[in-house]
Amino acid sequence: MVEKTILKALAGETQAVPPIWMMRQAGRYLPEYRATRAEAGDFLSLCYNSDLAAEVTLQPIRRYGFDAAILFADILLVPQALGADLWFVTGEGPRLSTLTSQAELDALKPTDAIHETLNPIYETVRILSRELPSETTLIGFAGAPWTVATYMIAGRGTPDQGPAHALKDENRAVFEGLLDRITDATIEYLAMQIEAGAEVVKIFDSWAGSLKGADFDAYALEPCRKITAALKARYPHIPVIGFPREAGEKYIGFAKATGVDCVALDSGVAASWAAEHVQADGCVQGNLASSHMVTGGQALVEETRAIVEAFSKGPHIFNLGHGITPDADPENVALMIETVRSGK
Ligand code: CP3
């Protein structure tokens, strides 16, 4: 029998109080995270230090009692495991070696080789599955192939994913070859997280919204379907959450087309619209604007209530529409949780 609230929602159960967790819940808005990160040295050292990565994963669980913990790692560890150079520039974000040619694609390491780099992440999962409270669900994750490819092609985050769109238009064979390589690696990476104790996995497609029409179907929907199908074949009982961020109208039918158990919604869609068009097919997650974690007050309370109410007739996991930002006030997180759980 399913007991954990997150697993109940993912199994399609409507609950009087929706379970809650928060994207980037382990992060720079928390003083205890900043302290552990300083101890680790830098962000990547923290990701690969299993004890400290488990520690920062547990910090928001201790402070707030969220219903789920998300593994502390990053979507860009997969490119690194495939052989890309990766580093983070403080205050700016990630930098990677670029990949735009067949020769660079051929130079990536074989899928089997990724575990040499990613073993510490599986160890983090094992530590967490021992140490988390029995009511807390452990979520593993990876980036979706399109989103990961946008960073690998450009060598950094880009406002409009221009370099990835350009490669798609100019050298479709290399572009599609890269997506296939990331898809295969992601399946094996998530499988190992599940073997280590992840109870749910989430696929982050942060830049899905820049794919339009047939491109969305080919490069957001289809890779997510492939990953989900491969995992379901091996682990039929492990729920999958898909997050095609800023998909807009393309949220409709996403769960059916990909086989995911839950669709995570960004705050660009109205909860009432999503309840009618997306939740009708199953569990949804979201979708409070993360800016409320900075501004707080009555607007936070009212918007939280409105989202809970809009999704109250079906399975729902409360979350933000995107990650919490470093300038957020930890008190506002407490106020959001209190509002969701008190039902008033
Ligand atoms: O949600 C969690 O608490 C789990 C851990 C997690 C991180 N990144 C830690 C992190 C998860 C699930 C991610 C996913 C991720 N990483 C995404 C997809 C989700 C999204 O936000 O759209 C993307 C696009 C990345 C790539 C990435 N990592 C960028 C662009 C940046 C720099 C931007 C920033 O916020 O600084 C990161 C760094 C990063 N990943 C941090 C954290 C806590 C901040 C690093 C630090 O401590 O300096």
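First, a word on what this report is: a plain description of the structure on this page. Every chain is numbered independently, its residues counted from 1 as its sequence is written. Two thresholds apply to this predicted model, a pLDDT of at least 70 for residue-level local features and 80 or more for giving and counting side-chain atom pairs, whereas whole-chain, interface and lining totals are computed over all residues. Side-chain calculation: all heavy atoms of the structure are included, whereas hydrogens and water are not.

1. Remarks on unusual backbone geometry
Stage number 1. Here the residue pair Gly286 and Asn287 is connected by a cis peptide bond, since its omega of -10° sits within 30 degrees of zero.
Stage number 2. Examined against the element boundaries, Asn287 turns out to sit in strand 8 (residues 283–288).
Stage number 3. Phi is positive for Arg24, which is not a glycine, with a value near 60°.
Stage number 4. Segments assigned H or I by DSSP are reported as helices when at least four residues long, segments assigned E as strands when at least two residues long, and all are numbered from the N terminus. For Arg24, the location among the structural elements is in the loop between helix 1 (5–10) and helix 2 (31–40).
Stage number 5. Overall, Arg24 belongs to the exposed group, its relative accessible area being 53%.
Stage number 6. Positioned with a positive phi, Gln161 is a non-glycine residue whose angle comes to about 55°.
Stage number 7. On the secondary structure map, Gln161 appears in the loop between helix 8 (145–154) and helix 9 (162–170).
Stage number 8. Look at Gln161 and you get buried, because its relative accessible area is 3%. We call a residue buried when its accessible area falls under 20% of the maximum for its residue type, exposed when it is over 50%, and partly exposed in between, using a 1.4 Å probe and counting protein chains only.

2. As for the pattern of salt bridges
Stage number 1. Basic side-chain nitrogens of Lys or Arg form a salt bridge, by our definition, when they fall within 4 Å of a carboxyl oxygen of Asp or Glu. Within this structure, the stated rule accounts for 17 salt bridges.
Stage number 2. Note that Arg126 and Glu123 form a salt bridge whose closest N and O atoms lie 3.1 Å from each other. In this pair, Arg126 and Glu123 both sit in helix 7 (residues 114–131), three residues apart, roughly one turn of the helix.
Stage number 3. For Arg126, a relative accessible area of 36% puts it in the partly exposed group.
Stage number 4. Given a relative accessible area of 29%, Glu123 falls into the partly exposed group.
Stage number 5. For the salt bridge of Asp169 with Arg172, the shortest nitrogen-to-oxygen distance reads 3.7 Å.
Stage number 6. Judged by its relative accessible area of 37%, Arg172 falls in the partly exposed class.

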